[in-house]
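Next come the chains, spelled out residue by residue.
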Amino acid sequence: MTTQLNAPTAPDPASVVYEGQFGSFTIDPHDRQEVILYRAGLVVAAISFAIAVLCVFFASAAAPLVATICYGLMWLALGLSFAKIHIYLRPLHRALQIFWAIGGLASVAIAFIYPSPLALTAYQQPLTILGIGFTFAALTGIFFKEAFCFNRLETKFLAVIVPGLLLGHMTGLLPDQTERGMLAVWAALFAIFALRKVIQPIPPDIGDKSVFAYLEKERLEKERQQAA
């Protein structure tokens, strides 16, 4: 006669109580879903950017169009990430979303103005970076956030490489070989960052919900006082 032993069940994540700066809180399935979507957007963006960079190194007649499509996919994926990212400072969150939106609108406008694919236009007309660059400025904001919150080495490099490459190309100060090298490093570090986000535990990306609750309460109180 054999006796079947039941394996101990893991505690329900929703039942775990965390102690925050302004009180205790729990993490519900909705919180976890937002983090998963945030990370999914980053993964799609990183893959799209990597493919676009490969188009630069393995140039073909279709490469500019493929790179342009990849940029569009990256922009959409980043939109998902910016919708789901957890940032304590609401004005900063809104600013990054505005930068993302401006970058998209500018990209569409440039695509209508110039007949060539957007990726080729950005290379041949460096000043278009003034518009398209807003997308990458928003992305750099994510890198800064991740570097500050999680001390990630790859995001520290990316926070310098991204604006450095864009400004260098826009001003014509960087040789082509240097730009290609920086693009390759950018794509590699972005992929590493996205991969590390996938395997990172979820709660740290949610943050201290008591801080969010406190800041929201403060915001509503200010609005009430202004309306009074």
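In what follows, the structure referred to is the one given above.
Computed from a prediction, not measured in an experiment: that's the story for all the values here.

1. Topic: the side chain of E146
Mapped onto the elements, E146 comes out in helix α5 (residues 129-150). There is a polar contact of 2.7 Å between the side chain of E146 and the side chain of Y38. Among all residues touching E146, those that are not within four sequence positions of it are Y38, N151, R152, T155, F193, K197 and D205.

2. A look at the pattern of salt bridges
Counting across every chain of the model gives nine salt bridges. For the salt bridge of D31 with K209, the shortest nitrogen-to-oxygen distance reads 2.7 Å. Of the two residues, D31 sits in helix α1 (residues 29-57) while K209 sits in helix α9 (residues 209-227), which places them 178 residues apart along the sequence. Judged by relative accessible area, which is 7%, D31 ranks as buried. Since its relative accessible area comes to 24%, K209 is described here as partly exposed. Note that K145 and E146 form a salt bridge whose closest N and O atoms lie 3.7 Å from each other. Residues participating in the shared-partner salt-bridge network are R39, K145, E146, R152, K197 and D205.

3. Here we look at the packing of α1 against helix α2 (residues 63-84)
Packed helix pairs are specified by the crossing angle of their axes together with the interaxial distance, meaning the distance between the axes. At a minimum axis distance of 8 Å, the contact between α1 and α2 shows a crossing angle of 165 degrees. As judged from the angle between their axes, α1 and α2 are roughly antiparallel. The handedness of the crossing between α1 and α2 is left-handed. Contacts between α1 and α2 pair E34, L37, Y38, G41, L42, V44, A45, S48, F49, I51, A52 and C55 from the former with A63, V66, A67, C70, L73, M74, A77, L78, L80, S81 and K84 from the latter. Considering only residue class, the contact of α1 with α2 consists of 18 nonpolar, three polar and two charged.

Parameters at a glance
Residues numbered from 1 in each chain as written. Predicted model: local features only at pLDDT ≥ 70, side-chain atom pairs only at ≥ 80, totals over all residues. Heavy atoms only, no water. Helix = DSSP H or I, 4+ residues; strand = E, 2+ residues; numbered from the N terminus. Polar contact = N/O pair within 3.5 Å; in protein donor to acceptor, adjacent residues only side chain to side chain. Contact = heavy atoms within 4.5 Å. Salt bridge = Lys/Arg side-chain N within 4 Å of Asp/Glu carboxyl O. Buried < 20%, exposed > 50% of the residue type's maximum accessible area, 1.4 Å probe, protein only. Axes fitted to C-alpha atoms, helices over the stretch in contact; angles between N-to-C directions. Parallel < 35°, antiparallel > 145°, perpendicular 65-115°, else oblique. Left-handed = near helix turned anticlockwise from the far one by under 90°. Nonpolar A, V, L, I, M, F, W, Y, C, P; charged D, E, K, R; others polar.

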